[in-house]
Number of protein chains: 2
Amino acid sequence: MTDFHELADRYIQMWNETSDNDRRGIVDDLWARDARYVDPLADVTGRDAIASLVGAVQSQFPDAVFSLRGPIDAHHDQVRFAWGLGAPDQEPAVIGFDVAIVDLSGQLSAVWGFLDKAPAPE
Amino acid sequence: MTDFHELADRYIQMWNETSDNDRRGIVDDLWARDARYVDPLADVTGRDAIASLVGAVQSQFPDAVFSLRGPIDAHHDQVRFAWGLGAPDQEPAVIGFDVAIVDLSGQLSAVWGFLDKAPAPE
């Protein structure tokens with residue numbers, strides 16, 4: 001049985017890990033090799049592409065942190081949860097929602113992401 | 001490009017179609033052969049199993065109808081939407097939320113379902 005609380009925490013940790021090496025370590029641990037990640041702004045497959053995408057998003061929001069919002073909801077091989085991205089202790093600039101699917105080994109095979117609040121254009 | 005509004009409408013139509021033959025026709029049209037449907041109470045793969053599941057759910061709620069709730073939200077190959085199941089013109093007894101994924105031909109490859117409101121035990 002996958003511990004989906006742990007999985008969600010580790011997933012958020014990945015988004016916050018700014019060391020390329022450490023982030024890649026989390027990605028290798030967390031995601032299946034051929035995993036796919038899709039959100040409104042990205043559609044990537046494989047650990048290299050996922051690790052690169054996370055680094056690119058961090059560059060866009062250098063002082064922001066990701067955090068879980070509200071409870072997770074899991075059953076079978078799937079979990080849904082909301083997350084925020086913003087300055088610590090402030091209302092998030094970005095709010096998203098992900099459904100994550102794990103494979104038989106408990107690694108992420110896919111994350112289907114949506115956005116509930118997007119940053120205002122500058 | 002998949003018309004996700006049409007897809008969601010057809011999906012709800014499938015849940016409401018009580019003729020086995022007509023429902024199977026919608027299933028064949030809508031779903032890929034090896035598609036998977038998972039919600040908290042079911043985990044089925046393939047058109048036969050999906051069509052049977054829908055029939056079984058209809059038997060549990062014989063006078064209820066499915067309807068979309070609120071807007072759909074789609075990008076790339078994925079869409080999310082909420083739905084209700086209940087007596088016509090009444091607050092739904094069951095409220096659910098699905099993320100549906102389509103393949104390159106526009107057929108459903110997977111639906112990842114969650115429940116936001118479950119029927120009270122009798």
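Details of the structure are given in the entry above.
Below or above, wherever it landed, is the structure these notes cover. Here the structure is a predicted model, which is why all the values come from computation and not from measurement.

### Section: the sheet that holds strand β3 (residues 65–75) of chain B
Residues and elements named next belong to chain B.
Okay, so step 1: Across the sheet, which stays open at both edges, the 6 strands sit in the order β2-β1-β6-β5-β4-β3 with mixed pairing between neighbours. Of all the strands in the sheet, just β2 (42–45) and β3 have a single pairing partner and so form its edges. If you compare each strand with its neighbour and ignore which way they point, the axes differ by 20° on average.
Okay, so step 2: Bridge count between β3 and strand β4 (residues 78–86): 8 bridges; the pairing is antiparallel. The residue of β4 that forms the bridge with Ser67 is Gly84.

### Focus: the sheet that holds strand β1 (residues 31–39) of chain A
All names here are of chain A.
Okay, so step 1: Read from one edge to the other, the open sheet built from 6 strands follows the order β2-β1-β6-β5-β4-β3, with strand pairing classed as mixed. At either margin of the open sheet sits one strand with a lone partner, and together these are β2 (42–45) and β3 (65–75). Across this sheet, the average inter-strand angle for adjacent strands is 20°, counted without regard to direction.
Okay, so step 2: In this sheet, strand β6 (residues 108–117) lies alongside strand β5 (residues 94–102) in antiparallel orientation, the contact comprising 8 bridges. Each residue of the ladder has a partner; that of Asp98, found in β6, is Gly113.
Okay, so step 3: Contacting β1 and β6, helix α2 (residues 20–30) crosses the sheet at an angle of about 105° to β1.
Okay, so step 4: In the packing of helix α3 (residues 47–60) onto the sheet, the strands contacted are β1, β2 and β3, and the crossing angle to β1 comes to about 45°.

### What about the pattern of salt bridges?
Oppositely charged side chains can pair when the atoms bearing their charge come close.
Residues and elements named next belong to chain A.
Okay, so step 1: Following the criterion strictly, the structure yields 17 salt bridges over all chains and no others.
Okay, so step 2: Two residues, Arg23 and Asp20, come together in a salt bridge whose shortest N-O distance is 2.8 Å. Note that Arg23 and Asp20 are positioned in helix α2 at a spacing of 3 residues, about one turn of the helix.
Okay, so step 3: Residue classification places Asp20 among the exposed positions, given a relative accessible area of 54%.

### Considering the interface of chain A and chain B
Okay, so step 1: With 22 residues of chain A in contact, the opposing surface of chain B contributes 22 residues.
Okay, so step 2: Summing the contributions of chain A and of chain B, the shared interface buries around 1700 Å²; its carbon and sulfur component is 61%.
Okay, so step 3: Seen at the junction of chain A and chain B, the total is 4 salt bridges.
Okay, so step 4: Its salt-bridge partner being Arg36 of chain A, residue Asp77 of chain B comes within 2.9 Å of it at the nearest N-O pair.
Okay, so step 5: Joining chain A to chain B, the criterion identifies 14 residue pairs in polar contact (both at pLDDT 80 or more).
Okay, so step 6: Going through the elements one at a time, β1, β2, β3, β4 (78–86), β5 and β6 of chain A are the ones with two or more residues in the side of chain A that touches chain B.

Thresholds, definitions, all that
- Residues numbered from 1 in each chain as written.
- Chains lettered and ligands numbered in written order.
- Predicted model: local features only at pLDDT ≥ 70, side-chain atom pairs only at ≥ 80, totals over all residues.
- Heavy atoms only, no water.
- Pairing = 2+ DSSP bridges.
- Helix = DSSP H or I, 4+ residues; strand = E, 2+ residues; numbered from the N terminus.
- Axes fitted to C-alpha atoms, helices over the stretch in contact; angles between N-to-C directions.
- Contact = heavy atoms within 4.5 Å.
- Salt bridge = Lys/Arg side-chain N within 4 Å of Asp/Glu carboxyl O.
- Buried < 20%, exposed > 50% of the residue type's maximum accessible area, 1.4 Å probe, protein only.
- Buried area = accessible area lost by both parts, 1.4 Å probe.
- Polar contact = N/O pair within 3.5 Å; in protein donor to acceptor, adjacent residues only side chain to side chain.

The values are spatial; any link to function lies outside them.
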